[in-house]
Amino acid sequence: SIEPKTEELTVTENGVYESALDGYSKVTVNCPPAPTAEELIITGDCSGRFGYDGWNWIIDKYGDRMTTTNITNVEKMFAYCNLTSIPFTINISASSSTSISNMFSSCKKLTDIPDIYITIKKDPGGISATNAFGSCYELKTLPYIYNYQPGSMSSFFTYCHSIRTIPEDYTDTWDTKHLYYTENMFNCCYSLRAIPERFMNKLQDKSSSSAYSTYGGMFSTCYSLDEIEKLFVATTNAYTSNMFGSTFNSCNRLKDITFRTNEDGTPITARWKSQTIDLTKVGFVEHNGTLTPSTL
């Protein structure tokens, strides 16, 4: 057999190119023009737009030129992608159909996420964010979500293994009047050391018409959490089912837990019944079935 001859040829513009090798014909190359700024604007319903690595090459090649405006839905927008960073901010125009659930779900290589800006044109009645950052293993710095009106925040940061701190002002622009579900919010945030008091206060600031936010699994397997201060106290309704299932499970370093009080320091009165707070694994490490004091 005859081995074919090869030659590298660098093409930077349209034209007719001739190989230096004998016996090869000239080749005409037509290079498509680079997209315009208008063509790189992301807008409208973006649910699943960049999910599952379908359009990673566009972000890799043109991400620094891409902009966003009037996005109406970002559910699963980047879910299951292998990007390491996203170089543009995200601008959302919120309505009753807007969701940020699973927006970055299972983006296991992301280390950096741009800030998210929400414009409320009509009260959306709570924007669902279930599992919004779930399983972003390498994410170390949280993006700010400005003007957010959360609905369900179940599993919001679950399995964000590398997040160590949450900024004190992270929730300052949030309106939590429609918040109703926070189960497993910080589940398996292995590196998280503390929850800001202002964050916990926001979770309490709900309207009387909202359902309560459960503590179920909220801090479960937060191995590095040192303290949880001023937990919100749900007072809207009478609660007879247990709100604290697995709330502090495997919080091995936890040394201090307190509930929020009135401004004068007196306890807040709540109508709770049959509540069980399991602290058997708080401040301890389990090894071969034996609980021993933590030395972490």
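What counts and what doesn't
- Residues numbered from 1 in each chain as written.
- Predicted model: local features only at pLDDT ≥ 70, side-chain atom pairs only at ≥ 80, totals over all residues.
- Heavy atoms only, no water.
- Helix = DSSP H or I, 4+ residues; strand = E, 2+ residues; numbered from the N terminus.
- Buried < 20%, exposed > 50% of the residue type's maximum accessible area, 1.4 Å probe, protein only.
- Contact = heavy atoms within 4.5 Å.
- Salt bridge = Lys/Arg side-chain N within 4 Å of Asp/Glu carboxyl O.
- Core = buried A, V, L, I, M, F, W, Y, C linked by side-chain atoms within 4.5 Å.
- pLDDT = per-residue confidence, 0-100.
- Pairing = 2+ DSSP bridges.
- Right-handed = clockwise from strand over helix to strand, strands pointing away.
- Polar contact = N/O pair within 3.5 Å; in protein donor to acceptor, adjacent residues only side chain to side chain.

Participant: I keep staring at the overall build of the protein chain and nothing clicks. Help me out?
Facilitator: Of the regular secondary structure elements, the protein chain holds two helices and eleven strands. Relative to its 296 residues, the protein chain shows a buried fraction of 42%. Counting only contacts in the protein chain whose residues sit at least 6 apart along the sequence, the fraction spanning at least 24 positions is 76%.

Participant: What am I meant to see in the pattern of salt bridges here?
Facilitator: Pairing is possible between side chains that carry opposite charge, provided their charged atoms lie close to one another. Tallied over the entire structure, the rule returns eight salt bridges. Of the charged contacts, one joins arginine 198 and aspartate 172 as a salt bridge, the two residues approaching to 2.4 Å between their closest N and O atoms. Within this pair, whereas arginine 198 is found in helix α2 (residues 197–204), its partner aspartate 172 is found in the loop between β7 (145–146) and α2, the two being separated by 26 residues in sequence. Between arginine 193 and aspartate 226 there is a salt bridge, with the nearest N and O atoms lying 2.7 Å from each other. With a gap of 33 residues between them, arginine 193 in the loop between β7 and α2 and aspartate 226 in the loop between α2 and β8 (227–231) connect regions that are remote in the sequence. Ionic contacts of the salt-bridge type, sharing partners, join the residues Arg193, Asp226, Arg253 and Lys255 into one network.

Participant: Would you take a moment to explain the nonpolar core for this structure?
Facilitator: In a soluble, globular protein the nonpolar side chains are often hidden away together inside. Ranked by internal contacts, the top residues of the largest apolar core, which has 70 residues, are Phe78, Phe104, Phe133, Phe157, Phe186 and Phe219. Elements with a contribution of two residues or more to this core: α1 (56–62), β5 (90–94), β6 (116–120), α2 and β8. With residues near it in sequence (within four places) discarded, phenylalanine 219 still touches Phe186, Ile195, Met200, Leu225, Ile228, Leu231, Thr247, Phe248, Asn249 and Cys251.

Participant: It is not clear to me how the confidence of the model for the protein chain should be interpreted in this structure. Could you clarify?
Facilitator: Any region with low pLDDT has predicted coordinates that should not be read closely. For the protein chain, mean pLDDT is 85; residues scoring 70 or higher make up 86% of the total. In this model, residues 207–211 is a region of pLDDT below 50 whose contacts with residues beyond four sequence positions or in other chains number nine contacts.

Participant: What should I look at first to understand the pairing of strand β4 (residues 67–73) in this one?
Facilitator: Moving residue by residue along a regular strand, the side chains alternate between the two faces of the sheet. In terms of strand pairing, strand β3 (residues 41–45) meets β4 through four bridges, oriented parallel. The residue bridging isoleucine 41 from the neighbouring strand is threonine 67, located in β4. Crossover handedness for the path β3 to α1 to β4: right-handed.

Participant: For this particular structure, what's the right way to read the side chain of threonine 221?
Facilitator: Mapped onto the elements of the fold, threonine 221 is located in the loop between α2 and β8. Here threonine 221 is in contact with Asn187, Cys188, Cys189, Tyr190, Asn249 and Ser250, once residues within four sequence places are set aside.

Participant: Help me understand the side chain of serine 152, please; the structure alone is not making it clear to me.
Facilitator: Relative to the elements of secondary structure, serine 152 occurs in the loop between β7 and α2. Separated by 3.4 Å, the side chain of serine 152 and the backbone nitrogen of serine 154 make a polar contact. When residues no more than four places from it in sequence are discounted, the contact partners of serine 152 are Ile127, Ser128, Ala129, Thr130, Tyr180 and Tyr181.

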